[in-house]
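Report on the structure
Here is how the chains run, residue by residue.
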Amino acid sequence: MKKTLSVLVSLAIVAGAYLWSFGIPEIFLSGQTNRASEAQGPGGQGFAPPGGPGGPGGPGGGPGFGPPGARGATTVVLTKLTMQPYVDTFRAIGSSEAVQSATVTSDVSGRVVEVNLPPNAQVEQGDVLVQLDARAAKLSLEAAQNELQQASDTVVRYERLRESGNSTVSDVTISDAKLAQRLAEANVGLAELTLEDLTIRAPVSGTLGLSDVDVGDFISANEAIVTIDNSSALLVEFELPERSVGFLSLGREVTLGTPSLTGRPFQGEVTSFDSRIDEVTRSVTVKALVENPDAVLWPGMTFTARLANLSEPLLVVPTTAITWSRDGASIWFDNEGVAMNAPVTILFRRDERAWVDVDLPVDTKIVTEGAHKLRKGAKITDANTDANAGNQEPT
């Protein structure tokens, strides 16, 4: 019994809510109208049909229910459809490195006899940084040069003898002498290269880092000595999501910022980006170049990168104008005082606005408030227009 009573109460609540929102269905209204017409005879005192004189919803009568065409207009808020471009912004965090940098190492082992490594000093490419003990290399070069001189003199002597008609100097003898000369020349070149390797020079121009190398230290081959950074410009590397690849291009402007210089933006440009998407992060690596003429930016700084893509002008509506049904999203618009709806495709959405694709011209008045009360073909009136009319003072 209690279950039956609960079901009946629930049905009554649902029916009341439906009648309050949508009114009495037309099929019942038409039957009611016919019965009211039959009940009202000529000169009789019967009930007037809904919408008629003296009847509910008609002139002189109280509010009643009826089909959309018979009821009064629904008050809604209308706004003109406008066009605006959409700014798609991508933000990322990256780190920087000097546009040109090098770690200075020694190609050979040796004892340090001279050091020119002042921290943060500016050096030019080719400047001497460290000099290793070169006494043995100089002696080896001198010996190689003497051997070359001796081999060259032998070749000259054999050629003179051959020209004078001496038959003891054969072609084989001259060939062997020239071979010995070429080997001596190669030994001189090797000795010069060994001597040159003992003088460590700056491979690039830039600023020296810190170094703990001092006179008297023994340096092994391939041991790091000091770093040099050319920070006249920096390369900032960061990751962008996969959907950004559509507008990545060389030379595209990038706005950069660093926590070390809060509130000061820097303009850079894209110099390179990867040719494939990372399979794990689903992102693409991008490098941007930022000029640093004042040397306020340091290699290794953390940067925030922002790329903005401005689209073509698109139709934009308040999000309150979009309604949903089983057929998808749509918006209601004013068609000469009658409510009509049109399907829309949401392209972008931000805060309280949505950029949409809809088959409506610009300046069409769309319903931004009150759309949930509408049915297709219902009469509507603009709340803003009614308010302005009510505020006008009589003349």
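All figures in this text were calculated on a predicted structure; none of them were measured in a lab.

This part is about unusual backbone geometry. At asparagine 222, a position not held by glycine, the phi torsion is positive, near 65 degrees. Within the element layout of this structure, asparagine 222 appears in the loop between β9 (218-219) and β10 (224-241). One non-glycine residue, aspartate 351, lies in positive phi territory at about 55 degrees. Relative to the elements of secondary structure, aspartate 351 occurs in the loop between β19 (345-350) and β20 (353-357). Its relative accessible area of 73% is what places aspartate 351 among the exposed residues.

Pairing geometry for strand β17 (residues 328-335) and strand β18 (residues 338-343), over six bridges, is antiparallel. Considered in β18, the bridge of tryptophan 332 is made with asparagine 341. Connecting β17 to the next strand, β18, in antiparallel fashion are two residues, including glutamate 336 with a positive phi near 55 degrees.

Relative to strand β14 (residues 302-310), strand β3 (residues 87-105) runs antiparallel, the two being bridged by nine bridges. Looking at the pairing, isoleucine 93 lines up with threonine 304 of β14. Relative to β14, strand β11 (residues 253-257) runs antiparallel, the two sharing three bridges. Looking at β14, one finds that threonine 255 is bridged to arginine 306.

Chain-level statistics for the protein give a pLDDT mean of 83 and a share of 83% at 70 or above. Predicted confidence is poor over residues 29-70, with pLDDT under 50, and the contacts of this stretch with residues over four places away or in other chains come to 50 contacts.

Taken together, the side chains of Arg91, Arg306, Arg350 and Arg353 present a region of like positive charge at the surface. On the secondary structure map, arginine 350 appears in strand β19.

Let us now look at a nonpolar patch on the surface. Among the surface-exposed residues, Leu5, Val9 and Ile13 lie close enough to one another that they form a single nonpolar patch of about 300 Å² accessible area. Tracing the chain through its elements places leucine 5 in helix α1 (residues 2-22).

Attention now goes to helix α4 (residues 171-197). Between its terminal C-alpha atoms α4 stretches 39 Å, which fits the 39 Å expected from 27 residues at 1.5 Å a residue. Of the residues making up α4, those classed as buried are Ile174, Ala177, Gln181, Ala184, Val188 and Ala191. Close packing links the buried residues of α4 with α3 (135-163).

The next thing to look at is the layout of surface pockets. Looking at the second largest pocket, its volume works out to about 280 Å³. Along the walls of the second largest pocket sit 13 residues, with Asn120, Thr207, Ser231, Trp298 and Pro299 positioned nearest its centre. When residues of the lining of the second largest pocket are traced back to their parent elements, those giving at least two are β8 (206-208) and β10. Here the element with the most residues in the lining of the second largest pocket is β10; it accounts for three residues. In terms of residue class, the lining of the second largest pocket is made up of five nonpolar, seven polar and one charged.

Turning next to the sheet that holds β19. In spatial order, the strands read β2-β15-β20-β19; together these four strands make up an open sheet with antiparallel pairing. Each edge of the open sheet is held by one strand with a lone partner, namely β2 (82-84) and β19. Adjacent strand axes in the sheet meet at a mean angle of 45 degrees when their direction is disregarded. When β19 meets β20, the two strands line up antiparallel, connected through five bridges. Bridging across to β20, arginine 350 finds its partner in arginine 353.

Next up on the list: a negative patch on the surface. On the surface, Asp212, Asp214, Asp217 and Glu223 cluster together to form a negatively charged patch. Within the element layout of this structure, aspartate 217 appears in the loop between β8 and β9.

Attention now goes to the pattern of salt bridges. Counting across every chain of the model gives eight salt bridges. In this structure, glutamate 159 engages lysine 178 in a salt bridge whose closest nitrogen and oxygen atoms are separated by 3.7 Å. Of this pair, glutamate 159 sits in helix α3 while lysine 178 sits in helix α4, and the two are 19 residues apart along the sequence. Accessibility expressed as a relative area gives 32% for glutamate 159, which makes it partly exposed.

A few words now on the packing of aromatic side chains. In the structure shown here, the tally under the stated rule is three aromatic pairs. Their ring planes at 5 degrees and their centres at 4.1 Å tell us that tyrosine 86 and phenylalanine 348 sit as a pair that is stacked. Taken together, the residues span a long stretch of sequence, with tyrosine 86 in the loop between β2 and β3 and phenylalanine 348 in strand β19 at a distance of 262 residues. For tyrosine 86, a relative accessible area of 7% corresponds to the buried category.

Rules used throughout
Residues numbered from 1 in each chain as written. Predicted model: local features only at pLDDT ≥ 70, side-chain atom pairs only at ≥ 80, totals over all residues. Heavy atoms only, no water. Helix = DSSP H or I, 4+ residues; strand = E, 2+ residues; numbered from the N terminus. Buried < 20%, exposed > 50% of the residue type's maximum accessible area, 1.4 Å probe, protein only. Pairing = 2+ DSSP bridges. pLDDT = per-residue confidence, 0-100. Contact = heavy atoms within 4.5 Å. Patch = residues over 30% accessible without salt bridge, like charges linked within 9 Å, V, L, I, M, F, W, Y side chains within 5 Å. Areas by Shrake-Rupley, 256 points an atom, 1.4 Å probe, with all protein chains shown as cover. Salt bridge = Lys/Arg side-chain N within 4 Å of Asp/Glu carboxyl O. Lys, Arg positive; Asp, Glu negative; His and termini not counted. Charge placed at Lys NZ, Arg CZ, Asp CG, Glu CD. Expected span 1.5 Å × (residues − 1). 1 Å grid on protein atoms, 1.4 Å probe; cavity = no way out; pocket = protein on both sides within 12 Å on 5 of 7 lines; lining within 4 Å. Points joined across faces, edges and corners; volume = space filled by probe spheres on them. Nonpolar A, V, L, I, M, F, W, Y, C, P; charged D, E, K, R; others polar. Axes fitted to C-alpha atoms, helices over the stretch in contact; angles between N-to-C directions. Phe/Tyr/Trp six-rings, centres within 6.5 Å; stacked < 30°, edge-to-face > 60°.

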